[in-house]
Amino acid sequence: NGAPGATGAQGAKGDVGTTNVFYSAWLDVTYLPDTVHNGSTIDTLGFYSNIAATKLDTSILSHGEIKMYVNLNSVTDPAVSPLPYVDVFTGISITPTFLVQNISLYSNIDASTVTQNGTKFLQYRYIFIPGSTMALRKLVDFNDYKAVQKFYGIKD
């Protein structure tokens, strides 16, 4: 080993890191009916589901950014939409509520993941961005899934 050399020149500022950004794989979600019993009649009010999200803490809830997406189509032919999802033509709605370590979904239809001919439809993904990176919001349109995926290097 030789003697240490002189300190080099300051390098260019690097790209913003994403080491603290948490995201899920595309998840299969099962909804259950939300029912009310009126005597012998059972009415279905809507459908609900819960997703365990261990990285979702009070800090992210209070100071971070939380995004949730649904892939309305398949992995090979994605049609990704941010939640809440409201289709004015069909009247379909899917709404998330974020709690410590849990995401609660509510829909007016059974929006469960389905498999048809070996292909899955209606899968869900969440992305948690801690508050320390909130200033980056202006650099990416969080309602555009492809832009978020590209900006944070999220793989399919």
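Note that the coordinates shown come from a computational prediction; the quantities given were computed from them, not determined experimentally.

Student: I'm lost on the packing of aromatic side chains in this one. Help?
Tutor: The description of an aromatic ring pair rests on the distance of the ring centres and on the angle between the ring planes. Summed over the entire model, instances satisfying the criterion amount to 6 aromatic pairs. Aromatic side chains Tyr-31 and Tyr-124 sit 6.2 Å apart centroid to centroid with 50° between the ring planes, which places their arrangement in the tilted category. Remark: Tyr-124 occurs in strand β11 (residues 123-129) and Tyr-31 occurs in the loop between β1 (22-23) and β2 (32-38); sequence separation between them is 93 residues. Aromatic ring contacts, followed pair by pair, group Trp-26, Tyr-69 and Tyr-145 into a single cluster.

Student: Please clarify how the sheet that holds strand β7 (residues 93-99) should be interpreted in this entry.
Tutor: Remark on secondary structure: sheet strands pair via backbone hydrogen bonds, oriented parallel or antiparallel. Spatially, 5 strands are ordered β2-β3-β8-β7-β6 in an open sheet, and the strand pairing comes out antiparallel. Of all the strands in the sheet, just β2 and β6 (85-86) have a single pairing partner and so form its edges. Where strand β3 (residues 41-52) and strand β8 (residues 102-107) come together, 6 bridges link them in antiparallel fashion. Directly across from Asn-50, in β8, lies its bridge partner Ser-104.

Student: What am I meant to see in the pairing of β8 here?
Tutor: One face of the sheet, then the other: side chains in a regular strand alternate in exactly this way. Here 6 bridges tie β7 to β8, and the two strands are oriented antiparallel to one another. Within the sheet, the bridge partner assigned to Thr-97 lies in β8 and is Ser-104.

Rules used throughout
- Residues numbered from 1 in each chain as written.
- Predicted model: local features only at pLDDT ≥ 70, side-chain atom pairs only at ≥ 80, totals over all residues.
- Heavy atoms only, no water.
- Phe/Tyr/Trp six-rings, centres within 6.5 Å; stacked < 30°, edge-to-face > 60°.
- Helix = DSSP H or I, 4+ residues; strand = E, 2+ residues; numbered from the N terminus.
- Pairing = 2+ DSSP bridges.

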